[in-house]
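Chain residues, written in single-letter form:
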Amino acid sequence: MSYWQSMEPGAGRRAPRADALSNARRMSLNGTWRFRLCPTAMGTGADFTDPSFDDADWDEIHVPGHWVLQEVTPPGQLAPRSLRGTADGPLYTNTALPIPIDPPRVPAENPTGDHRLVFTAPQDWHGKAVLRFQGVDSCAKVWFNGVELGWSTGSRLPAEYDVELRPGRNVLAVRVHRWSAGTYLEDQDMWWLPGIFRDVELLERPPNGIEDHQIHASYDHRSGTGTLRVDTDVPARVEIPELGIVVPAGQEITLPVEPWSAEHPRLYRGTLVGESEIVDLAVGFRTVTVENGALLVNGRRVFLRGVNRHEHDPETGRALSHETMLRDVLLMKQHNINAVRTSHYPPHPEFLRLCDEFGLWVVEECDIETHGFIYTGWAGNPPAQPMWRDALLDRIQRMVERDKNRPSVIVWSMANESWTGENFDELEQWIRERDPSRPLMYERDPSYRNSDFYSIMYPSLETLEAIGRREEERPAGVSDAEDDRRRTLPFLLCEYAHAMGNGPGSLADYHRIMRSSERFCGGFVWEWIDHGFHHRDGEGQAFVMHGSDVAHRPNGGRFCLDGLLFADRTPSPGLRELAAVLSPVVIDVGRATATLHNEHDTLGLEHLELAWRVETEGEESASGVLDIPACAAGETVSLDLPVPAAPLEGETWITAEARLRREESWAPRGHVIARGQGLLEPAGAPPEPASAGIEVTLLAPRPGGGHLTLGPGRFDPLTGALVELGELPTVGPEVDLYRAPTENDRGQGGHNDLASVWSAVGLDRMQHRTDAVEITSHSLQVLGRSAPAAHGHGVAYHFEWSAPDERSLELEVTLDFTGPWTDTPFRQRDILVPRIGLRMALPRELDHVEWFGLGPGESYADSRHGAYVGRFGAPVDALQTNYPVPQENGNRQEVRWLRLTGSDRSLGVTGSRFSFAARRWTAQDLERARHPHDLRDSGKVWLTLDHAQQGLGSASCGPALPEQYRLDRSPTTWRVVFTV
Ligand code: GAL
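Counting starts from 1 at the beginning of each chain's written sequence and moves along it residue by residue. In view of the model being predicted, local features appear only for residues whose pLDDT reaches at least 70, and side-chain atom pairs are presented and counted only at 80 or more, with totals across whole chains, interfaces and linings using the full set of residues. Calculation of side-chain values draws on the structure's entire complement of heavy atoms; hydrogens and water are dropped beforehand.

Participant: Explain the layout of surface pockets to me, please; I cannot follow it from the model alone.
Facilitator: Gaps between atoms show up when a probe of the same size as a water molecule is rolled over them. Computed over the protein atoms alone on a 1 Å grid, cavities are sets of points where a 1.4 Å probe fits but cannot get out and pockets are open sets with protein on both sides within 12 Å along at least five of seven lines; a residue lines them when it has an atom within 4 Å of a point. Grid points are joined across faces, edges and corners, and a volume is the space filled by probe spheres set on the points. Its volume calculated, the largest pocket comes out at about 1100 Å³. Every residue lining the largest pocket is counted, 42 residues in all, and those nearest its centre are Ala580, Arg675, His865, Gly866 and Ala867. Put simply, DSSP H or I for four residues or longer makes a helix, DSSP E for two residues or longer makes a strand, and each gets a number counted from the N terminus. Mapped by element, the contributors of at least two residues to the lining of the largest pocket are α7 (507-516), α8 (573-582), β36 (585-589), β42 (672-681) and β55 (868-875). It is α8 that provides the largest number of residues to the lining of the largest pocket, a total of seven residues. Of the residues belonging to the lining of the largest pocket, the class tally is 20 nonpolar, 16 polar and six charged. As a working rule, the residues Ala, Val, Leu, Ile, Met, Phe, Trp, Tyr, Cys and Pro are called nonpolar, Asp, Glu, Lys and Arg charged, and the rest polar, with Gly in that last group.

Participant: I would appreciate a short explanation of the domain arrangement of the protein in the present structure.
Facilitator: The parts lose accessible area when they come together, and the size of an interface is often stated as this lost area. For each domain, the first and last residues come from an automatic or database assignment. Annotation of the protein at the domain level lists domain 1 (3-204), domain 2 (213-286), domain 3 (290-578), domain 4 (584-681) and domain 5 (696-979). Computed from C-alpha coordinates alone, the two centres of domain 1 and domain 5 are separated by 56 Å.

Participant: In this structure, what is going on with helix α4 (residues 423-434)? I would like to understand it.
Facilitator: Residue pairs three or four apart in sequence face the same way in an α-helix, which turns once every 3.6 residues. Between the first and last C-alpha of α4 there are 17 Å, a value that for twelve residues agrees with the 16 Å anticipated at 1.5 Å per step. If you follow the buried residues of α4, they end up packed against α3 (389-403), β30 (409-413) and β31 (440-441). Multiplying 1.5 Å by the residue count of a helix minus one yields the expected span of that helix. The criterion used for residue contact is that any of the two residues' heavy atoms lie within 4.5 Å.

Participant: How do you make sense of the nonpolar core when you look at a structure like this?
Facilitator: Nonpolar side chains in soluble globular proteins generally cluster together in the buried interior. One finds Leu172 and Leu610 to be the most contacted residues of the largest nonpolar core, which totals 174 residues. No other element matches the six residues that α3 contributes to this core. In contact with Leu610, other than residues within four places in its own chain, are Ile587, Ala594, Leu596, Gly624, Val625, Leu626, Ile628, Leu639, Leu641, Ala656, Glu657 and Ala658. Throughout this description, the term nonpolar core refers to a set of buried Ala, Val, Leu, Ile, Met, Phe, Trp, Tyr and Cys residues connected via side-chain atoms within 4.5 Å. We call a residue buried when its accessible area falls under 20% of the maximum for its residue type, exposed when it is over 50%, and partly exposed in between, using a 1.4 Å probe and counting protein chains only. The next biggest cluster of nonpolar side chains, apart from the first, holds 66 residues, and it includes Phe715, Ala755, Leu842 and Leu935.

Participant: What should I look at first to understand the pairing of strand β53 (residues 835-843) in this one?
Facilitator: Remark: a regular strand shows side chains that alternate across the two faces of the sheet. Counting buried residues along β53, nine of its nine residues qualify, which places the element largely inside the surrounding structure. Pairing geometry for strand β48 (residues 731-736) and β53, over four bridges, is antiparallel. Within β53, the residue paired with Asp736 across the bridge is Gly837. As paired elements, β53 and strand β58 (residues 940-949) share nine bridges and run antiparallel to each other. For Ile836, the partnering residue across the bridge sits in β58 and is Ala948. At least two bridges found by DSSP between two strands are what make those strands a pair.

Participant: Mind showing me how you'd approach the site of the ligand here?
Facilitator: We call a residue near a given molecule or strand whenever any one of its heavy atoms falls within 4 Å of it. In the neighbourhood of the ligand, 13 residues make up the surrounding shell, with Asp189, His344, Glu417, Glu495 and His498 lying closest. Definition of a polar contact: a pair of N or O atoms within 3.5 Å, with one able to donate and the other able to accept a hydrogen when the atoms are protein atoms, and with sequence-neighbouring residues admitted only if both atoms are side-chain atoms. Taking His498, its side chain carries an N or O atom lying 2.7 Å from an oxygen atom of the ligand. In this structure, Trp526 approaches the ligand through a side-chain N or O atom, which is 3.0 Å from an oxygen atom. For the accessible areas, the method is Shrake-Rupley and the probe is 1.4 Å, while residue cover comes only from the protein chains on display. Relative to its free-state accessible area of 310 Å², the ligand is covered by the protein chains to the extent of 95%. Taken together, the residues that form the shell around the ligand break down as five nonpolar, four polar and four charged.

Participant: Which parts of the structure should I look at to understand unusual backbone geometry?
Facilitator: In the segment running from Val63 into Pro64, the intervening peptide bond is cis, with an omega of 5°. Following the sequence through the fold, Pro64 ends up in the loop between β4 (59-63) and β5 (65-66). We note that Asn145 has phi near 50°; this positive angle belongs to a residue other than glycine. Within the secondary structure, Asn145 sits in the loop between β10 (139-144) and β11 (147-153). Since its relative accessible area comes to 7%, Asn145 is described here as buried.

So, in structure tokens, the structure goes:
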């Protein structure tokens, strides 16, 4: 059988070893290589491996890179990326394998990229060297100066080969197969992106150089001492000048140190000095244990506020620059995230170095996922097949050996979603023997026999609460002994809160539950970044491409866009919400005090100061900055706020923000960690109308109708519709029960797909009828019904209009839901109404909004911690969140008043607290658009004023929208006042 269809992991490679920086010479072979694509693996023969082969007519390609994301071009014309055609383009599947399940065989159509590099070595550097590939997807065979070195699988893991470097000209030839036996082990939910996508390097190997080293650096919290021992394969000396350490490798030394933690990533830098090579050391002293059902680091519980991170760049796929990795780390730190699960493979080693340096707890996951075997009912699943043992173990060994010295890595995760099998026992045993210093995790085996953590994905709030109370149901098919053991384990939530599209909802609920029981040691939101690619359509319009933009089946569609960052790394509203929820400082603001709860694991609050301000309807009247008294982790401190005693009129809030008092390596001075607000003075009662208000006038009927006027409003006397407000022509307000479905409204599983019910029952196309227009002396009563075609359900509405003065028009709305609010008599699915409100169209010139309520960003019933009460303003266009798949967005909640202005005209709205959105298009337009650039200015501003809107949830992968965020359909009345 050909090597790419072999269950062997590779051949000819060197033994795996620690990733290290040393003073031995290193030559990057990244850059412009020659490239030839063949449609099959057998393709064009091995002629190109000959050093004298003439590749002058080959294309050029950039290494590291995926050939499916590059325009490979004739020599000398290396162009910016553009996606290749679909036959050999990027493919996206979720659980499905893109090849038939017939392991270890793969189809003959197996795009194969021959890569070739001719390079010149320095005259004084020749002889033995190591050639290292940090990542090649999915299988590569390598020749150096015409000599075959070997081959490897395991895309996100390094492979090293011994080479004989010649002074001057050397020729490297690499044949990369898109599909291989390794494909069966790499069925993660992500794009299939072949190529040499991580660095290629040549490493000098001095005689008697340091091949490998292992740092053992533990911390004893009782004595405050660290114990260090560095093992190597050759005699060497450990030097850590800061600690005065000069000891031979292999010798243990104990001395007082500061421990390493994500909150205080104390690294001691030093060197390992061998006879011919000096290796850099970055030592972090810490001890990780699981004791009595808790995850402890340095003897203390830690709580992981985590995200799942895939490697993604919208231009270069999984080929990331140093800047991009650093950006991820800084963005995480700035959003109160303290942990990363490297879903679902070891990241570029540089990312872990950054985690060591900036402080992030890492659950490092191996490059193993066999999810696609779900389609055979798990028949043939590699973890359960002895012949796959070596390939699986090889991956584990390459991960553990490479990253064993990283203090940030505190847990090894063996795999994702690969069901069960005895090979896991062997993987576990190997890790336990090689590295007893870190606990292990594997989520998918319900017996948890190979795991030090109990974990599941996407539980409902109720399920998570039950786990917190230790009352969860027992998984099927496990023995009493296994279940008893599982119940003693700490619970680590490896994936929750699916951040697809607008959402996720309930972040605060999940966090509250996880903080409520000692059984929890944290969790990881799914996921960090949208895997979308920047692309252009036939007309040159830029858009973010997802699975459905590729004509290939099977296809995971839009499911790759489920991150807290948009593909270009712009934070989404979901990330702002997460930052507020995860904040390690919780601030309660009273009338003249702020109480700070320090929820860090170990850190005091010395690095923070408290800025406070008093605002009446958003107008600041006093402010200051206070030092924060000593407050250790887990403690609470109260500060008096010197709020002026003078009486304030109008709704007045105190806002207190804990912010960095100095610049930190990961954020500027003044960066806000936590915010709290307290109401100082409630809003006064609304003034009573002086009289009964203004009388209704019926203007002389004219052909075609005539008008009713009431204060600033003109109405159609037949339909009762408002047609003009002051000088402003209007359409509506009319009853609106619809929102453009979010990804979470299109939830998985029949019962969670609310959007298909809405569409089936016509919520998006209600028809409005007027039954009566009644005039009393001071009011206009409009009664009617809004309902969809072909169905019996609807809402009876009653609009009561009055005019308190010449400039204001008040509307009291009463709605009564009538009819059977289930989709059909046969299916009886309850219809969850997404919104109860009004919508109206206004002139397009009213394109700026100022409001007093929650802001500045969007907020929803179950995602509002990132917003706060204040006075905000923005152009209508800036109120939109450009989700790459258009959907409901831009809602602002708890609004007391708003004012739309433009071209010297304005419209004010007040009333019982409401939420609003203002856009240049309707919800129906939003729903129809495939990409943001499909949205067209309708020539109007569409204003929705909601009495209530249901929450977001995260049902795109997860539980149904929790009960408390659904709208009930009982009769309801509310009030709005329009002022011109
Ligand atoms: C999980 C899986 C992730 C991703 C997520 C849904 O089951 O581990 O890789 O597919 O669901 O987006």
